[in-house]
Amino acid sequence: MSVLFPKVQKPREWDYRPIYYDKDKEARKDKKLARLHHGAFREEHEKNMSEHRRKRESRLVFWIVLLGLLIFTFYVLL
């Protein structure tokens, strides 16, 4: 610490930023909180699994039909 120039701390500055009401932001916040109810993760998981199962079944049907068409084509050509 200096004898000639003692160090004095500056007072904290007051930084006031007013908070304004934003209707859209509040609506987004409420919508986000509404999705987080009890069991939401389980419901989301079940929805994703059913969608995955449906896609897998449709892919399976596509490959079975394609295989049937190939067998029919070889049968007719030979």
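Each residue is numbered by its place in its chain's sequence as written, counting from 1. This being a predicted model, a pLDDT of at least 70 is required before a residue's local features are given, and a value of 80 or more before pairs of side-chain atoms are given or counted; all residues contribute to the totals for chains, interfaces and linings. Think of the side-chain values as coming from all heavy atoms in the structure, minus any hydrogens and water.

Caption draft 1: Quick peek at the packing of aromatic side chains. Under the pairing criterion, centres of Phe, Tyr and Trp rings, with the six-membered ring standing for Trp, must be within 6.5 Å; the plane angle then separates stacked pairs below 30 degrees from edge-to-face pairs above 60, leaving the rest tilted. Scanning all chains against the criterion turns up two aromatic pairs. Considering the side-chain rings of W14 and Y16, the 5.4 Å spacing of their centres and the 15° angle between planes classify their relative orientation as stacked. Note on exposure labels: buried denotes an accessible area under 20% of the residue type's maximum, exposed denotes more than 50%, and partly exposed covers the range between, all computed with a 1.4 Å probe on protein chains only. A relative accessible area of 74% means that W14 is categorised as exposed.

Caption draft 2: Fine view of a negative patch on the surface. Patch membership requires over 30% relative accessible area and the absence of a salt bridge. Like charges are linked within 9 Å, and nonpolar side chains (Val, Leu, Ile, Met, Phe, Trp, Tyr) within 5 Å. Residue exposure ignores everything except the shown protein chains as possible cover, and the areas themselves are Shrake-Rupley values with a 1.4 Å probe. The working definition used for a salt bridge is a side-chain nitrogen of Lys or Arg within 4 Å of a carboxyl oxygen of Asp or Glu. In this tally Asp and Glu are treated as negative and Lys and Arg as positive; neither His nor the chain ends contributes. Working definition for charges: the position is that of NZ of Lys, CZ of Arg, CG of Asp or CD of Glu. There is a patch of like negative charges on the surface, built from D22, D24, E26 and D30. For helices the rule is a DSSP run of H or I covering at least 4 residues; for strands it is a run of E covering at least 2, with both sets numbered from the N terminus onward. Position of D24 among the secondary structure elements: in helix 1 (residues 23-35).

Caption draft 3: Quick look at helix 1. If you check helix 1, its first and last C-alpha atoms are 19 Å apart, about what 13 residues at 1.5 Å a residue would give, namely 18 Å. The element helix 1 is barely covered by neighbouring structure, given that only zero of its 13 residues are classed as buried. Given the number of residues in a helix, its expected span is that number minus one, multiplied by 1.5 Å.

Caption draft 4: Just the environment of L60, in detail. Its place among the elements puts L60 in helix 2 (residues 40-77). Relative accessible area serves as the criterion here: at 53%, L60 is assigned to the exposed category. The sequence separation of L60 and A34 amounts to 26 residues, and the corresponding C-alpha distance is 37 Å.

Caption draft 5: Region of the structure containing the environment of A27. Tracing the backbone shows A27 in helix 1. For the pair A27 and V65, spaced 38 residues apart in the sequence, the C-alpha separation amounts to 48 Å.

Caption draft 6: Here's a closer look at the pattern of salt bridges. Counted under the stated rule, the structure contains two salt bridges. K47 serves as the salt-bridge partner of E44, at 3.5 Å between the closest nitrogen and oxygen. Remark: K47 and E44 occur in helix 2; sequence separation between them is three residues, near one turn of the helix. Of the residues examined, K47 reaches a relative accessible area of 45% and is grouped as partly exposed. When the shortest N-O distance is used, the salt bridge between E51 and K55 registers 3.7 Å. With E51 and K55 both in helix 2, this residue pair falls four residues apart, about one helical turn. For E51, a relative accessible area of 33% puts it in the partly exposed group. In this structure K55 comes out as partly exposed when scored by relative accessible area, which is 42%.

Caption draft 7: Broad picture of a nonpolar patch on the surface. Together, F62, W63, L66, L70, F74, L77 and L78 make up a nonpolar patch on the protein surface, roughly 840 Å² of accessible area in all. With respect to the helices and strands, L66 occurs in helix 2. Judged by relative accessible area, L66 falls into the partly exposed class, the value being 31%.

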